[in-house]
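Structure at a glance
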Amino acid sequence: MKTKLLGELVDKYGALCARMAKLDGEKQELKALLTSSGLPTIEGRTFRVTVRVVERSCVDIEAVKAILSEAFLAQCTRTSASAVVRCVARNGKE
C-alpha cells in the first residue's frame, strides 16, 4: 500500500478511536446513573435495562508466584501472539 493511503487510514482510525472513547465515556456515565438507581429493571420506550451486581474473582498472581516454583509457573504458562495497534494524536513534532 502507498504511504499516503496508509496515512489516511491512520487518520481515519484515530478519529474513530476518539469518537469511540467519547461514546464510551458517555456510556459509563449513564451506566453509573442507572446502577445507582437501585432498580433491577428499568424500562424505556425502546430498550430495557437490567442491573445485576455480581461477584467477580481473580487470581493474585504475585501471591501465586510466592507460593509456586518458577519451574511450575513456566510449565503452566501459555504464551500467544497478538497484534497491538496504539493510536495517539500527533503533536506536530518530529
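Everything below is about the structure shown above.
Here we summarise the structure given alongside this text.

Here is what the cut-offs are and how they apply
Residues numbered from 1 in each chain as written. Predicted model: local features only at pLDDT ≥ 70, side-chain atom pairs only at ≥ 80, totals over all residues. Heavy atoms only, no water. Helix = DSSP H or I, 4+ residues; strand = E, 2+ residues; numbered from the N terminus. Expected span 1.5 Å × (residues − 1). Polar contact = N/O pair within 3.5 Å; in protein donor to acceptor, adjacent residues only side chain to side chain. Buried < 20%, exposed > 50% of the residue type's maximum accessible area, 1.4 Å probe, protein only. Salt bridge = Lys/Arg side-chain N within 4 Å of Asp/Glu carboxyl O.

The next thing to look at is helix H1 (residues 3–36). Across its 34 residues, H1 extends 49 Å between first and last C-alpha, which sits within 8% of the 50 Å expected from 1.5 Å per residue. In the segment just after H1, Gly-38 is the residue with positive phi, at about 80 degrees.

Summarising the element assignment, Ser-36 is placed in helix H1. Sequence separation between Ser-36 and Val-51 is 15 residues, and the spatial gap between their C-alpha atoms is 9.6 Å. Here the side chain of Ser-36 touches Leu-33 through a polar contact of 2.9 Å, landing on its backbone oxygen.

This brings us to the environment of Asp-11. Checked against the element boundaries, Asp-11 lands in helix H1. What makes Asp-11 exposed here is its relative accessible area of 56%. Once the C-alpha coordinates of Asp-11 and Ala-21 are considered, the two residues, ten residues apart in sequence, prove to be 15 Å apart.

If you walk through the whole model with that rule in mind, you get two salt bridges. Across the pair Lys-22 and Glu-26 runs a salt bridge, and its minimum N-O distance is 3.7 Å. Taken together, the residues span about one helical turn, with Lys-22 and Glu-26 both in helix H1 at a distance of four residues. The exposed category is assigned to Lys-22, whose relative accessible area is 58%. For Glu-26, a relative accessible area of 38% translates into the label partly exposed. Two residues, Arg-48 and Glu-43, come together in a salt bridge whose shortest N-O distance is 2.7 Å. Note on Arg-48: relative accessible area 56%, which makes it exposed. Note on Glu-43: relative accessible area 54%, which makes it exposed.

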